[in-house]
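As a plain string of letters, each chain reads:
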Amino acid sequence: MLLALDLALILEKLVLIVIVVMASLVIAMYVTFAERKVAAILQDRRGPNRAGPFGILQPVADGLKLFFKEEIIPEFSSKFLFILGPSMAMLTAIMTGAVVPWGDHIDFFGRTVSLQIADVNVGILYVFGVVSMGVYGIMIGSWASNNKYSLLGGLRAASQIISYELAMGISLIALLMVTGTLSLKEMVLQQQQGWWNFCYQPLGFLIFLICAFAECNRTPFDLPEAENELIGGYHTEYSSMKLGFYLFSEYINMFVSSVIMSTLFFGGYDLIPFYDESAWGLSANWMAIIGLGALMAKVVFFLFLFMWVRWTIPRFRYDQLMNLGWRILIPLALVNMLVTGAVILLKQNNWHF
Amino acid sequence: MQALTNRAKQVERQPMSFLERLYLVAIFKGMLITFRHIFKKKPTINYPEKKRPFSPVFRGLHILNRDAEGRENCTACGLCAVACPAEAITMEAAERQEGEEGLYKEEKYAAKYEINMLRCIFCGLCEDACPKDAIYLSETFAPADYQRKQFIYNKQELLIPHPVKEPEAYKKALGNRVPREKINPAI
Amino acid sequence: MSITEILFWFLTAMALGSAIMVITSRSPVHSVLWLIVTFFAISGHYIMMNAQFLAIVNIIVYAGAIMVLFLFVVMLMNLNAESEPQKNRMLQFAGLLAGGCLFLVILASLMKATETSSMVQLGSGNEGLIKNLGKALFNDYVIPFEISSVLFLSAMIGAVLIGKKEKAEHDGN
């Protein structure tokens, strides 16, 4: 029975998994570099330009530095949990990429290979589940550090992520009512035919965007690591590559949430809305490359937006953060959901009350 | 109260309108400001590749001067040490022996001449005090070092290269400076 | 043994083992973490039974939100093995009795249950998705569903009341 499994399929998926994981790691590396460069450019500086031409080897140098630094594990901490924390953060950051459709399909020696690791029928909910697991990485690590500042940072992260997950989920429900499917692949296919979902759900997108900023612990919501209040926040006690994992997982999260946002609201690998690209008569492989390029262009824009906002807007105060989450975003998302539901009902009724 | 100028501006403190309370407009405006900075000229200079030109009155590292034949100008009169407000200069005088006329310009010369660069404030008073144009402040600055004692520069480190024996190094050390004897040959 | 059977036994061992660890762990934080592992194993079982929506909601709501709050409280209270209060022997006995009764009820309901589907169908099986679940909830089980929502509402009101009361006292001082 075990041998009856399609061996080629397993191999194909394994290769895809390795490629996606490696790609998200490399992209996250260069997002750290891009962040420093963008910060510098927005502040009229030059940014890192010493390692390699234009400084493109800077992330490698940063990674090497982290690897060679001394590894310190606090004496009074739970060693297993202390190591589990950053590992969990990294794991949950990478796992999201499994359900993202990176492109349509490619023909590989007569074999049609889908550019999605798993087309799960609960796709977007899977993403949500993994994201909600992400908070454990921070919480476990912060508790295991046995440090008050770490614990405070972890508690801040937990309450912030739970609060914003609600608004995020409700804004998503409105989107799901429009699309009528949970599968990310099907959403992209729908958007290829008609408008991008952003046109149907502008308010939902805005709420989703704000919540994505909060979920990624990015400025203006980076209170868990507010260095002027909490030293380093949840990673105060971490050093060496374990600290690197925490920092890295933040950037992978940024990348993944950019991918999810462009897939949900901006047509994923769709290049032009309302236009059937297959009319160009290109082969499937070329279409896949163009699609991947289109997706990456959107992702780059969102990543730039993340950085742009970070270097423009100062940090919230904690009560302002909670006010925004509970008193503004959640009611707004609820109203958005109700209006969307009413409009859909009206439409089903041929615009009669 | 009578205002001194007409530039004073009354601050408006009205309750914020709904659009203002949304903050979205303000955020967008702020982001436009940062976006505009992308296209601004960067004031940073890539240091080792590109160096900012010093002004002609820049006071950098000291140089003990020689004349055109390569003889040391310094006569160890001690005026620079007296003028030094930071007491960074110490010297020992010696008498010129027979056959040393090619080395030293006058009958007396400095056998030992030290400047403590950690004490020095680069005020340039030593240059002003010197009657023989023997010391001047160049357009370089003291490089970093690991030990304090490395910052006490001795005579060999301060002396300008020999203009006849090493003309290229001499020219390089001289830089854009015009020797004072050319401006005022009376010295 | 088919791959589903292997998965089933693996998940079962995981669920039972981690559930035992929840009870036996000395540190409350470890207990909570083991409970999360248990939830994951149970979610795996849901997927095996073609209830993907239930599985993912179990992870999002229970493992992702409720357990975070548990962990939150446990971390803030700073419980540890040394400060664990001694429990009364009678209380222990009562707990055992209550747990046994619950176990019996579950066992009785499980004995009556019939097997409906066998194989897991993740990509194509749409039985366990929201559409069918919603139809079942709002057609066949409207009254239990609404009653449970009233229960939730009362819990919410209770929570709000508790929050308000503390604030009033604080203002009074």
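Cut-offs and rules
- Each residue is numbered by its place in its chain's sequence as written, counting from 1.
- Chains and ligands are labelled by the order in which they are written, letters from A for the one and numbers from 1 for the other.
- Local features in this predicted model are restricted to residues of pLDDT 70 or higher, and side-chain atom pairs are both shown and tallied only at a pLDDT of 80 or more, whereas totals for entire chains, interfaces and linings draw on every residue.
- Note on conventions: DSSP H or I runs of at least 4 residues are helices, E runs of at least 2 residues are strands, and numbering of each starts at the N terminus.
- The globule rule is 2.2 Å times the number of residues to the power 0.38, and the radius of gyration it is compared with is taken over C-alpha atoms.
- Three exposure classes are used. Buried residues have 20 or more other C-beta atoms within 10 Å of their own C-beta, exposed residues have 12 or fewer, and partly exposed residues fall in between, all C-beta atoms being placed from the backbone.
- Once C-beta atoms have been placed from the backbone, residue pairs whose C-beta atoms lie within 7 Å are recorded as contacts.
- Note on residue classes: Ala, Val, Leu, Ile, Met, Phe, Trp, Tyr, Cys and Pro are nonpolar, Asp, Glu, Lys and Arg are charged, and everything else, Gly too, is polar.
- Following DSSP output, two strands are said to pair if at least two bridges run between them.
- Under the definition applied here, buried Ala, Val, Leu, Ile, Met, Phe, Trp, Tyr and Cys residues are grouped into a nonpolar core through C-beta atoms within 7 Å.
- The score called pLDDT rates the predictor's confidence residue by residue, from a low of 0 to a high of 100.
- In this analysis, axes come from line fits to C-alpha atoms, helices being fitted only over the stretch in contact, and the angle between any two N-to-C directions falls in the range 0 to 180 degrees.
- Angles are sorted into four bins: roughly parallel if under 35 degrees, roughly antiparallel if over 145, roughly perpendicular if 65 to 115, and oblique for all others.

Looking only at helices and strands, chain C has 6 helices and 0 strands in total. Order of helices (α) and strands (β) in chain C, N terminus to C terminus: α-α-α-α-α-α.

Each helix and strand counted, chain B has 7 helices and 5 strands in total. Taken from the N to the C terminus, the helices and strands of chain B come in the order α-α-β-α-β-β-α-β-β-α-α-α. Taken over C-alpha atoms, the radius of gyration comes to 28 Å for chain B, far larger than the 16 Å a tight globule of 187 residues would show. For chain B, the spread of C-alpha atoms along the three principal axes comes to 95 × 45 × 40 Å. For chain B, the residues scored as buried account for 15% of the 187 residues in total. Restricting to contacts in chain B with at least 6 residues of sequence separation, those with at least 24 account for 70%.

Turning our eyes to something else, we now look at the interface of chain C and chain A. In this assembly, 18 residues from chain C lie in contact with 19 residues from chain A. With 11 residues, helix α3 (residues 52–77) of chain C is the single largest residue contributor to the side of chain C that touches chain A. Considered class by class, the residues forming the side of chain C that touches chain A number 13 nonpolar, 5 polar and no charged.

Right, let's get into the sheet that holds strand β3 (residues 108–116) of chain B. Residue and element names in this part refer to chain B. Spatial strand order, β2-β3-β5: 3 strands in an open sheet with antiparallel pairing. Whereas interior strands pair on both sides, the edge strands pair on one side only; in this sheet they are β2 (89–95) and β5 (152–153). Pairing of β2 with β3, which is carried by 7 bridges, proceeds in the antiparallel orientation. The residue of β3 that forms the bridge with E92 is K112.

What follows is about the arrangement of the chains. Of all 2 pairs of chains in contact, the one with the most contacts involves chains A and C. Over all C-alpha pairs, chain B and chain C never come within contact, reaching a minimum spacing of 28 Å.

A separate point is the nonpolar core. Core analysis: the biggest nonpolar cluster contains 115 residues, and M139(A), A167(A), C211(A), F255(A) and I56(C) have the highest contact counts within it. Examining the composition of this core, we find that 15 residues originate from one element, helix α4 (residues 123–144) of chain A, more than from any other. With 21 residues, the next largest nonpolar core counts A88(B), I115(B), I135(B) and L137(B) among its residues.

Within a regular strand, side chains alternate between the sheet's two faces. Pairing geometry for strand β1 (residues 105–108) of chain A and strand β2 (residues 111–114) of chain A, over 4 bridges, is antiparallel. By the bridge assignment, I106(A) is partnered in β2(A) with V113(A).

The next subject is unusual backbone geometry. Most peptide bonds are trans, and most residues other than glycine sit at a negative phi. Phi at N146(A) is positive, roughly 60 degrees, even though this residue is not glycine. Relative to the assigned elements, N146(A) resides in the loop between α4 and α5 (148–179). Positive phi is not limited to glycine here, since D133(B) has a value of about 55 degrees. Looking at the secondary structure, you find D133(B) in the loop between α4 (125–129) and β4 (135–137).

Parts of the model with low pLDDT should not have their predicted coordinates read in detail. When pLDDT is averaged along chain C, the result is 79, and 80% of the positions lie at 70 or above. Model confidence for the complex is summarised by a pTM of 0.78, with the ipTM given as 0.79.

Moving on, we get to the packing of helix α2 (residues 28–48) of chain C against α3(C). Residues and elements named next belong to chain C. Closest axis-to-axis distance for the α2/α3 pair is 9 Å, and the angle between their directions is 175 degrees. In this view, α2 runs roughly antiparallel relative to α3, as classed from their interaxial angle. On α3, the residues touching P28, V29, V32, L35, I36, F39, F40, I42, S43, Y46 and I47 of α2 are Q52, L54, A55, N58, I59, Y62, A63, M67, F70, L71, V74 and M75. Looking at the contact of α2 with α3 residue by residue, the classes come out as 20 nonpolar, 3 polar and no charged.

Moving on, we get to the packing of helix α2 (residues 58–68) of chain A against helix α10 (residues 240–265) of chain A. All names here are of chain A. Between α2 and α10, the least distance of the axes is 6 Å, while the angle of their chain directions is 135 degrees. One finds that α2 runs oblique with respect to α10. Taken together, the residues of α10 that come into contact with α2 (itself represented by G63, L66 and F67) are S240, M241, L243 and G244. Split by residue class, the contact of α2 with α10 holds 4 nonpolar, 3 polar and no charged.

Take the environment of V135(A) next. Of note, V135(A) is situated in helix α4. Given 27 C-beta atoms within a 10 Å radius, V135(A) is considered buried. In sequence terms V135(A) and Q201(A) are 66 residues apart; their C-alpha atoms lie 27 Å from each other. Dropping the residues within four chain positions of it, V135(A) is found in contact with A157(A), A158(A), I161(A) and V68(C).

Let's shift gears to the confidence of the model for chain B. Summary statistics for chain B give a mean pLDDT of 82 and a share of 92% for residues scoring 70 or more. Taken element by element, chain B is modelled with least confidence in helix α7 (residues 180–183) of chain B, mean pLDDT 54, and with most confidence in helix α3 (residues 79–83) of chain B, mean pLDDT 90.

Residue and element names in this part refer to chain A. Structurally, F80 is set in helix α3 (residues 79–95). Residue classification places F80 among the exposed residues on the basis of 11 C-beta atoms within 10 Å. Put simply, F80 and S239 are 159 residues apart on the chain and 16 Å apart in space, counted from C-alpha to C-alpha.

As for its position among the elements, I147(C) is in helix α6 (residues 142–172). Placed 47 residues apart in sequence, I147(C) and G100(C) show a C-alpha to C-alpha distance of 27 Å.

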